[in-house]
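Now for the letters of each chain:
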Amino acid sequence: MSPALHELLSRPAPDVAPRLLGAVLVCARDTGTVALRLTEVEAYGGPQDSDLPDPGAHTFRGRTARNAAMFGPPGHLYVYFTYGLHHAVNVVCRPEGTGGGILIRSGEVVLGTEPATRRRLATRSSEPPFATLARGPGNTAQALGLTLEDDAAAIVDLGASPDPVARAREAVAEREGTTWTGLALAEPAPEEFLETPRTGVSGEGGTDAFPWRFALPGEPTVSPYRRAAVKRRRTR
């Protein structure tokens, strides 16, 4: 990893997250290579006794076997399985030992439409519209082909480019036949982006106190914002 990317990913997640908008995340697997231009991300902080306590984060109650990758080192993946339904993927940030990461919520498929569609069809009966191939965290991980086996995997630094899509395509050609995950940053970073509370997060972590959801404006791939549903106890 270059010193520049290491320095970036060592920062707190709310500072890093908007910098990832417009970047391209590449996942090369033997079942197909898919690249996403990132259009929506969410930042997550650390434990309750850290410098950035985040009640909406998996790290809040400390390190466990499940969330260990979230505690570093930076520049790795944190993949988890949620609700017994789908996987979700984060880019880990902060120095090793300090929890933090950026959830990849949505992106535009810029390479590998066929394998992304094939993977999505594994759990649905009809082909999803192009804009929804990687809309939402579960669909994103599924389109990329990421599972728990990719948890804690290192991210290949593809550098920063005024055309990160082209840089990603070059890297795929250079590394043909290998399995890897890489990140090409957009340079310069987008100057305009949306900033809202995180979507679907319950409790204080989903309030205006944590406006840590970032998205590119006008992008059809961005998922709709929704507050967490209030859960009511069932009575008999």
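Rules and cut-offs
Residues numbered from 1 in each chain as written. Predicted model: local features only at pLDDT ≥ 70, side-chain atom pairs only at ≥ 80, totals over all residues. Heavy atoms only, no water. pLDDT = per-residue confidence, 0-100. Contact = heavy atoms within 4.5 Å. Buried < 20%, exposed > 50% of the residue type's maximum accessible area, 1.4 Å probe, protein only. Helix = DSSP H or I, 4+ residues; strand = E, 2+ residues; numbered from the N terminus. Pairing = 2+ DSSP bridges. Salt bridge = Lys/Arg side-chain N within 4 Å of Asp/Glu carboxyl O.

Moving on to the confidence of the model for the protein. In this model, the protein carries an average pLDDT of 93, and 96% of its residues clear a pLDDT of 70 or more. Below a pLDDT of 50 lies the segment residues 230–236, which in the model reaches zero contacts outside its immediate sequence neighbourhood of four places, other chains included.

What follows covers the pairing of strand β1 (residues 24–29). Moving residue by residue along a regular strand, the side chains alternate between the two faces of the sheet. The buried count for β1 comes to six of six residues, which makes it a mostly enclosed element. Side chains V24, V26 and A28 of β1 all project onto a buried face; the interleaved residues L25, C27 and R29 project onto the opposite face, where all are buried too. Pairing of β1 with strand β2 (residues 32–44) involves six bridges; the strand directions are antiparallel. Residue C27 lies in a different strand from β2, and its bridge partner there is V34. Between β1 and β2, which pair antiparallel and follow one another directly, the connecting turn spans two residues. Pairing of β1 with strand β7 (residues 180–186) involves five bridges; the strand directions are antiparallel.

This part takes up the pattern of salt bridges. Evaluated as defined, the whole model comprises twelve salt bridges. The salt bridge partner of D150 is R29, with a shortest N-O separation of 2.9 Å. Here the residue D150 occupies a position in the loop between α4 (137–144) and β6 (156–161), and R29 occupies one in strand β1, the gap between them amounting to 121 residues. Note on accessibility: D150 and R29 belong to one class, buried. The partner of E170 in a salt bridge is R167, with the nearest N and O atoms 3.4 Å apart. Taken together, the residues span about one helical turn, with E170 and R167 both in helix α5 (residues 164–174) at a distance of three residues. E170 sits in the partly exposed class, given a relative accessible area of 44%. Counted as one network, the salt bridges with shared partners bring together R37, E108 and E219.

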